[in-house]
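Single-letter residue listing:
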Amino acid sequence: MTDDHDDYASAGYTGALEPGRRAALVVVDPVNAYVDPTCGLYAGVEEPVERMRELTAAARAAGVHVAVTTMALSADGSNAGVFFRKVPALAAYLPGTSTGAFIEGLAPVDGDTLVPKQYPSAFFGTSLAADLVARGVDTLFIAGLSTSGCIRATATDAMQHGFVPIVVREAVGDRLPSVHEANLFDIQAKIGEVWGIDRVLALWSAA
């Protein structure tokens, strides 16, 4: 991995981003599908889910605004278009399914923003960017599932909307460790920052 870092650094992937004046936390799609072994989307992410709970509680305690996303599909999934056709496993999110419900302890609470979406990014086709701008947010901490899909898409769109994206390493997960690590590497190199949860908690505590 050291050689990979050296290769990227020599190519000029050396930029670093710092948090701005006001942050928010977005928790992407924390639903039962990813922790239910009977579901095709099961990803063995029980440990990241615990860190999501810890992170979300700390954000609320520190006055950091929390947004929580979920896939809001029509009864036949057609409002998710090509994405639903490409990934039939998204049927786990169809209305009325237990797998599409929020994981215990990760549902939005009063004061949070609920972001219904139909595509991987928390920004695409949603009002999230406008909501964050209205709150004066310039930095977005990102947790949730899964690293290679909705986390990467959300981090990319956060950057493209002008927010500093910081993915919290222990609070995201994916079904394959190799895919998870490769995407974190690429996010750090090209999109935003990847911080450990202790660093995030220390920042919020100090603030």
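Attention here is on the structure that accompanies the text. Computed from a predicted model, the values in this text were never measured in an experiment.

## A closer look at helix α7 (residues 197-206)
- Taken residue by residue, α7 has Ile-197, Val-200, Leu-201 and Trp-204 as its buried positions. The arc that holds the buried residues of α7, viewed along the axis, is 95 degrees, so those residues lie on one side. Facing away from the buried surface of α7 by more than 90 degrees, the exposed residues are Asp-198 and Ala-206.

## A short note on the sheet that holds strand β6 (residues 193-195)
- Taken in spatial order, the six strands line up as β3-β2-β1-β4-β5-β6 in an open sheet, and their pairing is parallel. Either end of the sheet is taken by a strand with one partner, and the two such strands are β3 (113-117) and β6. Each adjacent strand pair in this sheet contributes to an overall mean axis angle of 25 degrees, direction not counted.
- Bridging between strand β1 (residues 23-28) and strand β2 (residues 65-71) involves four bridges; their strand directions are parallel. Its bridge partner lying in β2, Ala-24 is registered against His-65.
- Contacts from helix α5 (residues 147-160) reach β1, β3, β4 (139-145) and β5 (164-173) within the one sheet, and its direction differs from that of β4 by about 170 degrees.
- The strands that α7 touches are β1, β4, β5 and β6; relative to β6, the one it contacts most, it runs at about 90 degrees.

## Considering the state of the cysteines
- A complete count under the given rule lists zero disulfides for this structure.
- Left unpaired, Cys-39 is separated from the closest cysteine sulfur, that of Cys-150, by 14 Å.
- By relative accessible area, Cys-39 is classed as buried at 11%.
- We classify Cys-150 as buried; its relative accessible area is 7%.

## Re the packing of aromatic side chains
- Under the defined criterion, the tally for this structure stands at seven aromatic pairs.
- With 5.2 Å between their ring centres and 40 degrees between their planes, Tyr-8 and Tyr-13 make a pair best called tilted.
- What makes Tyr-8 partly exposed here is its relative accessible area of 23%.
- Consider the rings of Tyr-119 and Phe-124, whose centres lie 5.3 Å apart with planes at 80 degrees: the pair is edge-to-face.
- By way of ring pairs, the aromatic residues Tyr-8, Tyr-13 and Phe-185 are connected into one cluster.
- The cationic tip of Arg-199 hangs over the ring face of Trp-195; the distance from NZ or CZ to the ring centre is 3.7 Å.

## Some points on unusual backbone geometry
- With an omega of -15 degrees, the peptide bond running from Leu-145 to Ser-146 counts as cis.
- Relative to the helices and strands, Ser-146 resides in the loop between β4 and α5.
- The residue Asp-29 is not glycine, and still its phi comes out positive at about 50 degrees.

## Remarks on the environment of Ala-130
- Mapped onto the secondary structure, Ala-130 falls in helix α4 (residues 128-134).
- The exposure class of Ala-130 is exposed, given its relative accessible area of 53%.
- Distance in space between the C-alpha atoms of Ala-130 and His-161 is 9.9 Å, their sequence separation being 31 residues.

Conventions and cut-offs
Residues numbered from 1 in each chain as written. Predicted model: local features only at pLDDT ≥ 70, side-chain atom pairs only at ≥ 80, totals over all residues. Heavy atoms only, no water. Buried < 20%, exposed > 50% of the residue type's maximum accessible area, 1.4 Å probe, protein only. Helix = DSSP H or I, 4+ residues; strand = E, 2+ residues; numbered from the N terminus. Arc of directions from axis to C-beta. Pairing = 2+ DSSP bridges. Axes fitted to C-alpha atoms, helices over the stretch in contact; angles between N-to-C directions. Contact = heavy atoms within 4.5 Å. Disulfide = S-S within 2.5 Å. Phe/Tyr/Trp six-rings, centres within 6.5 Å; stacked < 30°, edge-to-face > 60°. Lys NZ or Arg CZ within 6 Å of the ring centre and 35° of its normal.

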